[in-house]
Amino acid sequence: MAELAINGGTPVRPQGYPAWPVWDETEIEAVTSVVRSGEWGGYPEPGVNAAAFEERFSAYQGAAHGVLMVNGTITMEVALKALDIGWGDEVIIPALTFAATAYAPMAAGALPVIVDVEPRTWTIDPDAVEAAITDRTKAVMPVHLGHHMADMDRIMDIANRHGLAVVEDCAHAPGQRWKGTGAGCIGSFGSFSHQSSKILTSGEGGSLLTNDEALARRAHSIVDCGRPKDAEEQEVTFGANYRLGELHAALLLPQLERFEAQRVEREENARYLEEIATSVPGVHVMRADERITRWSFYNYILRIDPDEFGAENEPVCAALEAEGIPGEVQYPPMSRYDLFQPSRSRLPVAVEFADRLDPAKMSFPVAEAAGLRESIYFMENTFRAGRQGIEDVVEALAKIHKHADELRV
Ligand SMILES: Cc1ncc(COP(=O)(O)O)c(C=O)c1O
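Conventions and cut-offs
Residues numbered from 1 in each chain as written. Predicted model: local features only at pLDDT ≥ 70, side-chain atom pairs only at ≥ 80, totals over all residues. Heavy atoms only, no water. Helix = DSSP H or I, 4+ residues; strand = E, 2+ residues; numbered from the N terminus. Rg over C-alpha atoms; globule rule 2.2 N^0.38 Å. Buried < 20%, exposed > 50% of the residue type's maximum accessible area, 1.4 Å probe, protein only. Pairing = 2+ DSSP bridges. Contact = heavy atoms within 4.5 Å. Axes fitted to C-alpha atoms, helices over the stretch in contact; angles between N-to-C directions. Near = heavy atom within 4 Å. Polar contact = N/O pair within 3.5 Å; in protein donor to acceptor, adjacent residues only side chain to side chain. Areas by Shrake-Rupley, 256 points an atom, 1.4 Å probe, with all protein chains shown as cover. Nonpolar A, V, L, I, M, F, W, Y, C, P; charged D, E, K, R; others polar. Salt bridge = Lys/Arg side-chain N within 4 Å of Asp/Glu carboxyl O.

### Side note on the overall build of the chain
- In terms of regular secondary structure, the chain is built from 13 helices and 14 strands.
- On C-alpha atoms alone, the chain measures out to a radius of gyration of 22 Å, which is about the 22 Å that the 2.2 N^0.38 rule sets for 409 residues.
- Once the C-alpha set of the chain is aligned to its principal axes, its extents read approximately 75 × 55 × 40 Å.
- A burial count over the chain gives 58% of its 409 residues as buried.

Set out below in structure tokens:
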């Protein structure tokens, strides 16, 4: 008789995990008051709620300026444009991330140069960054993946030595701090996503943070159809309408109020997971870097050893889901991404550098092992169901490990 729920056995956790997003009358009231005001759009930019959120979120994260816009993909495109990066330029990105990190440089007209990640954190490998620099390189875009942060000491050192801008992709990392400095406040820009599943959400939305007033002004201008934002109204940029509407912006204010308590709860439960997960053979904890001084994550990532475990990440995730556990394979390596089809961008540089953009010619051993075999991303709500929620994760992993032969039939 089958034991695993995927084969008809009894699931470990039939009741599931808490729903996301968390909301109550406060969010209803916030949206209702925007409806009543009649000021639904994002113009004049920033709207009242957008401006309030920009101020509060940048203060929480520790940046001087925030710029709210439609999503966390456009944020990165806007950041590159504000930095004057475009046609003919190269931007170095990691091989393990969401497609948006590659899309943004392409949309700005630049060539994304993809490099492997490091085995300890699956974030961009600083040695690979340094090796990929050419005289066209203008920026590096580290991604703070899962519960990790990229090695910002080394990235900033490399960037400073080579005169590169740094745009941090912090879609997973609101709340994180590196040696006391907030994620997104270390490089030239930090990019955040407020998309539905993210831990600071309004359904859709994105924020750029920066400590540079001129860059903030340019980003505000680019998202507002290029309108000048300086006192003399002289500085017109090449922009379009990427403003976030006030109905969305209003949701972010109460969500930010809830954020810190949720972060603490997730942190406590993730620490408990780290304590007990290694009791399952083939499950490895990838501890966060000690330079992370405030820990916050959208996904927590466990590494399985498929040979020891008896199955690769994809079948294990399908089995976890059937057991009622929200574990997912999030990202394939960039060399295998369905969405990442450089030839479709029609970049002149893509023709010139066809070899460097051909997925068939890319090789990223660490990202490939992680994405195709080893990584399991646990969604944020796994960490909002108390110790029992964590014990159920471990019980499900142990059960799948024990009956992995059932996944092979
Ligand atoms: C690492 C990463 N970067 C960028 C994005 C893009 O954010 P958005 O969906 O808001 O465009 C996401 C999430 O979707 C992401 O996970």
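### Digging into the sheet that holds strand β14 (residues 375-379)
- If you walk across this open sheet you meet the 4 strands as β10-β12-β14-β13, and the pairing is antiparallel. Of all the strands in the sheet, the pair left with one neighbour each is β10 (283-285) and β13 (327-328).
- Across 5 bridges, strand β12 (residues 299-304) lies against β14 in antiparallel orientation. Residue pairing for β14: Leu302 is matched across the bridge by Ile376.
- Packing against the sheet, helix α10 (residues 313-323) makes contact with β12, β13 and β14, and its axis sits at approximately 30° to β14.

### Quick look at the site of the ligand
- Taken together, 16 residues sit near the ligand, with Gly72, Thr73, Asp169, Ser193 and Lys198 positioned nearest.
- Gly72 places a main-chain nitrogen or oxygen 2.8 Å from an oxygen atom of the ligand.
- Its free accessible area being 390 Å², the ligand has 92% of it covered by the protein chains.
- A per-class count over the shell around the ligand returns 6 nonpolar, 8 polar and 2 charged.

### Description of helix α12 (residues 365-374)
- Considered for burial, the residues of α12 that qualify are Ala367, Glu368, Ala370, Gly371 and Glu374.
- Lining the buried residues of α12 we find β12, α9 (306-309), α10 and β14.

### Description of the environment of Glu267
- Assignment of secondary structure puts Glu267 in helix α8 (residues 246-276).
- Put simply, Glu267 and Phe383 are 116 residues apart on the chain and 7.7 Å apart in space, counted from C-alpha to C-alpha.
- For Glu267, the residues in contact, after removing those within four places along its chain, are Trp295 and Phe297.

### Concerning the pattern of salt bridges
- Using the criterion set out here, one finds 28 salt bridges in the structure.
- One salt bridge connects Lys399 with Glu323, and the closest N-O pair in it is separated by 2.9 Å. Placement of Lys399 in helix α13 (residues 386-402) and of Glu323 in helix α10 is noted, with a sequence separation of 76 residues between them. The exposure classification of Lys399 matches that of Glu323, with both residues buried.
- Several salt bridges share partner residues, and in doing so they unite Arg120, Asp151, Asp153, Lys179, Asp289 and Arg291 into one network.

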